Every structure is written in C-alpha cells, then in structure tokens.
Amino acid sequence: MGRNLRYGIGSAIAAAFLIAGTANATPFSFSTNGPDGQMATASRPENGSQFEIESADDFIAHTAVRINSATFTGLVPLGASVQNVGVEIYRVFPLDSTVPPSGHVPTRNNSPSDVAFDTRDFASNTLTFSTQVLAQSFTASNSVTPGGIHPSPGQTTGGNGQQTGQEVEFDVTFTTPFLLPGDHYFFVPQVQLDSGDFLWLSAQRPIVPPGTPNNPDLQSWTRDAFLDPDWLRVGMDIVGGTTPPAFNAVFSLEGEKVPEPATVELEATGLLALGILGALRRRARRSATGATPR
C-alpha cells in the first residue's frame, strides 16, 4: 500500500475520533439546585475501622455523555480535614445486579444497581477537587448518620434527627472523565474526613428551573456495608410516616454530549472511504503526469 494511501486512511481514522470527541459534541449539564435544609445523609468510603456508606441521587443522560466535572454540597464538621473524595456512578436496578434481589429491603424498584458502573477517586489520581465554605453554620432538619441504616423489617427509624455543620461545596474535576452511554444513572459522592462524617444535603423535589428536571425523577437512596448489595429509600423507607417524604440531593454535572457508538462507526466508515478515495485520486493524478509514487 502506497504512502499516500496509508496517509489517507490514517487521517480518516484520526478525523473520526476527533469528530467524536469535539466537533459533534454539545454541552451537557445537570443540576438539582441548592440545599433545602430537609435532610443530610452520610456518604463515605471504607477506611480502616470506618465501614462504607453510599448515598445516591439520579440523573438522566438522554444520549452518550462525557462527564468532566461535578459539584456536590454537604455538611462538614468545623475543623475537619478532607482526606479523600470519590464519585461512583450506578445504573438503575436490575442492571449490574443479582435478580431476584435478596428481599432484605421493601423494594428494589428504581433503586441503584448492586454494583457501580464506574468509579473515580482522589486517591487513584482520577479526580482532583477543591472546596469552598458556603456558610459557617447550616442546619438540616433530619439526617441518616452512620448506624442509621437497617434491613427490613426494622428499616423505618424516622431518621437520626437534626444536624448542623459547615455548608461546604465540593468542586470536582475528573482527570479521567466518565464516558456514559445514554441511560438513567445515580450519582454517588463519598468524602473521607479525618474526624466526623460528611453529610450530603438534600435538594428540592421535584427539580425546578434553573435546575434540570428529571422525568422520571427518582428519589435519594442509601446503603452501608451491612446492607450491601441492597438499598433503602431515604424518605419512604427510613424516615417513613403517614406521608413519607422523598428527597433529592444537591449536585451538578458538566460535560458534553458525544455521538453514540453506532454514529461514531458510521462517521469513521464515511471518513475512511473519503480518505481512501482522496489517496487514490492523488495516485491517479501522479500516474497521469508521470510522477513515481513513493
């Protein structure tokens, strides 16, 4: 195969990846708005004697997306230092899950799946983060703190009561972006502190502008290492009551939409054909003028 033909194919393939990553990309963003002061839920990675706790809220990607950055807001005890930050992405049950479920919770309908679809954390150098204190003192009316998550039939505790701390926003940049096919997902932030616990703050539900309405808008779920792989609804299952609440959580996402794999394949095929055609035409012109192909 001649040099120019090779160049045409290589250029076409490179151009296909460039188009997939940039030219056809349009911005993607999602936000649940700020805290409503109703709920705060623990969410932390496993660390030594500290067992893992996960709290999750959902978002929808209507097409494939690349998530480059995120924010989330919660309570941090005064004087505590952040040791690690992680973000997990889950799909909706029954994907990535054992079916039928264990039966240790009232329902798994619309819960996060058993295992994470993808993860990033500061410790593995796949994200960086910064923090900003939004308020020196912020109070959530109710909470789910470590030890407050129990399997059925004892799941409804009413919550762990009022919690106060610094209102802190975490600004996260994914040095390895999340690449997500179009689907319904759950966002799970986890924060490891040197003392006390991070509590993720709730947001108004349903989401209203300038936030990004979800349809459907699934509520917040939580679990710890002892409930894993099951999840409980923060409002419906744990808080309970005659009119159980349903919560969202404070977070936002920024990135861009990218072509679905089938679209990228079609683009690559078309560009490959154009590259080959262009190379053959150049070879034909050289032959016609007596030039020697190299």
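Residues numbered from 1 in each chain as written. Predicted model: local features only at pLDDT ≥ 70, side-chain atom pairs only at ≥ 80, totals over all residues. Heavy atoms only, no water.

K.L.:
Which parts of the structure should I look at to understand the nonpolar core?
P.N.:
Looking at soluble globular proteins, one finds that nonpolar side chains tend to be buried together. Counting residues in hydrophobic clusters, the biggest one holds 30 residues, and the most contacted among them are Phe59, Phe72, Phe187 and Leu253. Listing elements by their share of this core, those giving two or more residues are strand S1 (26-31), strand S3 (53-61), strand S4 (65-76), strand S5 (82-91), strand S9 (163-180), strand S10 (183-193) and strand S15 (251-257). Core analysis: the second largest hydrophobic core is formed by 20 residues, Ala42, Leu75, Ala140 and Leu232 among them. (Core = buried A, V, L, I, M, F, W, Y, C linked by side-chain atoms within 4.5 Å. Buried < 20%, exposed > 50% of the residue type's maximum accessible area, 1.4 Å probe, protein only. Helix = DSSP H or I, 4+ residues; strand = E, 2+ residues; numbered from the N terminus.)

K.L.:
Explain the sheet that holds strand S12 (residues 221-224) here, please?
P.N.:
Strand-to-strand pairing in sheets goes through backbone hydrogen bonds, with the strands running parallel or antiparallel. Spatially, the six strands line up as an open sheet ordered S6-S5-S10-S3-S12-S13, and their pairing is antiparallel. Either end of the sheet is taken by a strand with one partner, and the two such strands are strand S6 (118-121) and strand S13 (232-233). With five bridges connecting them, S3 and S10 associate as antiparallel partners. Residue pairing in the sheet places alanine 61 in a bridge with aspartate 183 of S10. (Pairing = 2+ DSSP bridges.)

K.L.:
Would you explain empty space enclosed by the protein in this entry?
P.N.:
Where empty space is left can be seen by rolling a probe of water-molecule size over the atoms. Throughout the structure, instances matching the rule amount to three cavities of 30 Å³ or more. Each pocket or cavity is described by its volume, and for the largest cavity that value is around 70 Å³. Along the walls of the largest cavity sit 14 residues, with Thr41, Trp200, Ser220, Asn248 and Ala249 positioned nearest its centre. Residue classes in the lining of the largest cavity are distributed as nine nonpolar, five polar and no charged. (1 Å grid on protein atoms, 1.4 Å probe; cavity = no way out; pocket = protein on both sides within 12 Å on 5 of 7 lines; lining within 4 Å. Points joined across faces, edges and corners; volume = space filled by probe spheres on them. Nonpolar A, V, L, I, M, F, W, Y, C, P; charged D, E, K, R; others polar.)

K.L.:
Can you help me understand the packing of aromatic side chains in this one?
P.N.:
Ring pairs (aromatic) are described by centroid distance and by the angle formed between their planes. With the rule as written, the count across this model stands at 16 aromatic pairs. Seen in terms of ring centroids, phenylalanine 72 and phenylalanine 170 are 5.0 Å apart; in terms of plane orientation they differ by 5°. Their pairing is stacked. With phenylalanine 72 in strand S4 and phenylalanine 170 in strand S9, this residue pair connects regions lying 98 residues apart in the sequence. In textbook terms, an aromatic cluster arises when at least three aromatic residues are bridged by ring pairs, as seen for Phe30, Phe59, Phe72, Phe117, Phe170, Tyr185, Phe187, Phe198, Trp200 and Phe251. Over the ring of phenylalanine 51 we find arginine 44; its NZ or CZ atom is 4.7 Å from the centre of that ring. Here arginine 120 stacks its cationic end above the ring of phenylalanine 178, 4.4 Å away from the centre of that ring. (Phe/Tyr/Trp six-rings, centres within 6.5 Å; stacked < 30°, edge-to-face > 60°. Lys NZ or Arg CZ within 6 Å of the ring centre and 35° of its normal.)

K.L.:
Just to check I follow, could you spell out the pattern of salt bridges for this structure?
P.N.:
Pairing between side chains becomes possible if they bear opposite charge and their charged atoms approach one another. Within this structure, the stated rule accounts for ten salt bridges. The partner of arginine 108 in a salt bridge is aspartate 230, and the shortest N-O contact between them spans 3.2 Å. With a gap of 122 residues between them, arginine 108 in the loop between S5 and S6 and aspartate 230 in the loop between S12 and S13 connect regions that are remote in the sequence. The pair arginine 108 / aspartate 230 is uniform in exposure class, with both members buried. Note that aspartate 237 is salt-bridged to arginine 233, the shortest N-O span being 2.7 Å. With respect to burial, aspartate 237 and arginine 233 carry one shared label: buried. Overlapping salt bridges bring together Glu54, Arg223 and Asp228 as one network. (Salt bridge = Lys/Arg side-chain N within 4 Å of Asp/Glu carboxyl O.)

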